[in-house]
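# Examination of the molecular architecture
This is what each chain is made of:
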Amino acid sequence: MYCTLCVREKKHNVFTAGTSNFRVKTIEMHIKGVDHKAVLESQHLRRNNVQVAVNRMVCARSKAVIAAMRNVYYLAKELLPTHKYKSLNELCILQGCETLAELRVSENAQYTHNDIVLDMQCAINNVLKEDLIVKENGVVARLKRENPAIGGTHCAAHKLNLCAQQAAAAIPSLQRYQRTVGSIYGYFSNSSSRQARLKEMHVILDTDDVKLKSIHAVRWLSFGEANVALHRTMRTVAEVFQQDAELMHDTMAETLAKAMLTYEFIAINSLLCDILGTIACLSKAFQLKSLSFANVQPAVTSTINALRAMQIGDEGGPKFQEFLANIAENNGETYFKGEKIKATRAMRQAVDGVRQRFLNTLIQNIEDRFPDISLFSAFRIFDPRCLPRDNTERARFGRDELRTILDHLCPAGREPIVDTDTCSTEWPPFKELLHANYSKNSFQELVKIMATQHASFLPETTKLLAAISVIPMSTVPCERGFSVQNRIKTKGRARLKAENLD
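Right, let's walk through the structure included here. Quantities reported herein were computed from a predicted structural model and do not represent experimental measurements. (Residues numbered from 1 in each chain as written. Predicted model: local features only at pLDDT ≥ 70, side-chain atom pairs only at ≥ 80, totals over all residues. Heavy atoms only, no water.)

## Side note on the overall build of the protein
Stated precisely, the cut-off is as follows: Helix and strand assignments follow DSSP, with helices taken as H or I runs no shorter than four residues and strands as E runs no shorter than two, numbered in order from the N terminus. Classification of residues uses two cut-offs on accessible area relative to the type maximum, computed with a 1.4 Å probe and protein chains only: under 20% is buried, over 50% is exposed, and between them is partly exposed. For accessible areas, the Shrake-Rupley method is used with a probe of radius 1.4 Å. Any residue's cover is judged against the shown protein chains and nothing else.
Along its length, the protein carries 24 helices and 3 strands. Taken across its 502 residues, the protein has 36% of its residues classed as buried. Carbon and sulfur atoms make up 54% of the accessible area of the protein, which amounts to about 30200 Å² in all.

## Structural notes on unusual backbone geometry
Phi is mostly negative for residues that are not glycine, and the peptide bonds are mostly trans. Even without being glycine, Lys10 reaches a positive phi, approximately 60 degrees. In this structure, Lys10 sits in the loop between helix 1 (4-8) and helix 2 (14-17). A positive phi angle is found at Leu79, which is not glycine, with a value near 60 degrees. With a relative accessible area of 28%, Leu79 lands in the partly exposed category.

## Comments concerning the packing of aromatic side chains
Threshold: Between the rings of Phe, Tyr and Trp (Trp by its six-membered ring), a pair exists once the centres lie within 6.5 Å; its type follows the angle of the planes, with under 30 degrees stacked, over 60 edge-to-face, and the other angles tilted. Look at NZ for Lys and CZ for Arg. If either is within 6 Å of the ring centre and within 35 degrees of the ring normal, a charge sits over the ring.
Using the criterion set out here, one finds 11 aromatic pairs in the structure. Arranged with centres 5.0 Å apart and planes meeting at 75 degrees, the rings of Tyr187 and Phe241 form a pair that is edge-to-face. Residue Tyr187 is found in helix 9 (residues 172-189), and its partner Phe241 is found in helix 11 (residues 222-247); the two are separated by 54 residues along the sequence. Of the two residues, Tyr187 and Phe241, neither departs from the other in class, the shared state being buried. The positively charged end of Arg194 is found above the aromatic ring belonging to Tyr187, 3.8 Å away from the centroid.

## Notes on the sheet that holds strand 3 (residues 339-341)
In plain terms, the rule: At least two DSSP bridges between two strands are needed for those strands to be called paired. To obtain an axis, a line is fitted to C-alpha atoms, over the contacting stretch when the element is a helix, and the angle between two such axes runs from 0 to 180 degrees between their N-to-C directions.
Read from one edge of the open sheet, 3 strands run 1-2-3, paired in antiparallel fashion. Either end of the sheet is taken by a strand with one partner, and the two such strands are strand 1 (327-330) and strand 3. Averaged over neighbouring strand pairs, the angle between their axes works out to 40 degrees when direction is ignored. Note that strand 1 and strand 2 (residues 333-336) share 4 bridges and pair antiparallel. When the sheet's bridge partners are listed, Asn330 is paired in strand 2 with Glu333.

## Some words on the pattern of salt bridges
How we decide: Counted as salt bridges are all cases of a side-chain nitrogen of Lys or Arg within 4 Å of a carboxyl oxygen of Asp or Glu.
Applying the stated rule across the entire model yields 13 salt bridges. The partner of Arg403 in a salt bridge is Asp407, and the shortest N-O contact between them spans 3.6 Å. One end of the pair, Arg403, and the other, Asp407, are both in helix 19 (residues 399-409), 4 residues apart, so they sit about a helical turn from each other. Lys463 is the partner of Glu460 in a salt bridge, and the nearest nitrogen-oxygen pair spans 3.4 Å. Of this pair, Glu460 and Lys463 both sit in helix 22 (residues 459-469), 3 residues apart, which is roughly one turn of that helix. Residue classification places Lys463 among the partly exposed residues on the basis of a relative accessible area of 43%.

## Points about the packing of helix 9 against helix 10 (residues 192-205)
Spelled out, the test is: Angular relationships are summarised with four words: roughly parallel below 35 degrees, roughly antiparallel beyond 145, roughly perpendicular across 65 to 115, and oblique for the angles in between. By the convention used here, residues are in contact when the closest approach between their heavy atoms is within 4.5 Å. Gly falls in the polar group here, along with every residue not listed as nonpolar (Ala, Val, Leu, Ile, Met, Phe, Trp, Tyr, Cys, Pro) or charged (Asp, Glu, Lys, Arg).
Where helix 9 contacts helix 10, the two axes come as close as 6 Å, and the packing angle between them is 105 degrees. What the angle tells us is that helix 9 and helix 10 run roughly perpendicular. Counted together, Tyr187, Phe188 and Ser189 of helix 9 and Arg194, Gln195, Arg197 and Leu198 of helix 10 form the full contact between these two elements. Residues that form the contact of helix 9 with helix 10 fall into these classes: 3 nonpolar, 2 polar and 2 charged.

## Side note on the packing of helix 13 (residues 263-286) against helix 15 (residues 318-325)
Running from amino to carboxyl end, helix 13 crosses helix 15 at an angle of 150 degrees, the nearest separation of the two axes being 6 Å. Considering their axes alone, helix 13 and helix 15 lie roughly antiparallel with respect to each other. Mapping the contact onto sequence places Tyr263, Ile266, Ala267, Ser270, Leu271, Cys273 and Asp274 in helix 13 and Pro318, Lys319, Phe320, Phe323 and Leu324 in helix 15. In terms of residue class, the contact of helix 13 with helix 15 is built from 9 nonpolar, 1 polar and 2 charged.

## Comments concerning the environment of Pro172
Position of Pro172 relative to the elements: it lies in helix 9. With 182 residues separating them along the chain, Pro172 and Val354 place their C-alpha atoms 9.1 Å apart.

## Structural notes on the nonpolar core
Note the cut-off: The criterion is simple. A nonpolar core is a set of buried Ala, Val, Leu, Ile, Met, Phe, Trp, Tyr and Cys residues joined through side-chain atoms within 4.5 Å.
Ranked by internal contacts, the top residues of the largest apolar core, which has 64 residues, are Ile184, Phe241, Leu362 and Ile366. Filtering out sequence-adjacent residues up to four positions away, Ile184 remains in contact with Leu212, Leu230, Val237, Phe241, Leu256, Met260 and Phe265.

## Notes on helix 8 (residues 156-169)
The cut-off we apply is this: In a helix, the anticipated span is given by 1.5 Å times the number of residues less one.
In this model helix 8 runs 20 Å from its N-terminal to its C-terminal C-alpha over 14 residues, within 8% of the 20 Å that 1.5 Å per residue would give. Within helix 8 the residues assigned to the buried category are Ala156, Ala157, Lys159, Leu160, Asn161, Cys163, Ala164, Ala167 and Ala168. Contacts made by the buried residues of helix 8 are with helix 9, helix 13 and helix 16 (345-369).

So this is what it looks like as structure tokens:
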């Protein structure tokens, strides 16, 4: 019988030489002996020393990994390629960041390869994705379970885009026009030589060198921008098509030239410049960071009035009027700015029908999607710029709207967000405070001012403003994330995989 611990430590006793005495008392005596106790103490000390060393190594590596992941995150946020990771780490070490030096295990294990970067990005992505997943399955519905008083709003810019899209979808002439505009853009965008010929033609004709633009179904202003760009370059584009058809026998160029040089195509282009230009102004207003509920309804009303004005008479908007002024008849032929175009009676009637039908449907869609909702319209009373200057009018101002807001945010049977009676009591002094000091401030500025300067004087009104301020009118800030995505995933970054982009 041997003691393996004593043998390993090269002790000299009966249990290292081997014993045939198998009595329990013999084993107990050895365990209590000096040699065996010394061996146990050395083993315990060695085990502790190893544990301490391991702990120190793990701690140092953890800090090094955290520092490395910060660099990986920095590269992603600054849209820099992953192969910059190694040089960024080296720069940090050179600048005195000794923590990153612990990332190196050996000469062959330095954790600077691109695969390590992808692993770190994946780890960061997983953490962020877990936070996002819990928000799925109907955000508004889930939030309403927590607070029934919460209000769900649709993005104003999105709704406006849908108004125009759906109005055009029901009119075959507009769909045909849109397909032609897309084909014109594709003809030049797919060929550098065609782009060069277009540029040369701009120089020859002394016209504006405006870049043609594509149509994106999900972008709010893309169709209007593409239409305006074509309007400004129409003469040049048509000339290139005619030359390509004549000299190069390009059938596509010939087809597009025939499609463009018609009364219907040019008239619809001018008509859409007026209509979509008006819509674009409203869309840009909806994309402002300072957009408030007080601005929405007046902006919508003025846009509808402008569109209705285009329905009056036969002239329409300014671009359509300019088109009609440049139409000339000579010996039964129709000319536009001296260029012969195809014009039939059916085309003229079709244009008139498109104008009336598109405007009618568009106006109806806007009115349906932007109704004067009592709750959201009531929020305008908190915009200082809406406050009447007349004392009598100001005294009556906002009573009914305040009651509408309080009834919604503080429903019966739920713990109220604010004390409704106190809010009603604070309403007159609140209005006078605005009139005297903040009549030119925006709603967003007012919320900050009330929270920092007047919370003790008007506590319940301050709470009410805070509750209203978190209701968004558009998702523009979120949508700008897609623009960031497009700046990352460029045509030149063909090796960037979807999971890494994510």
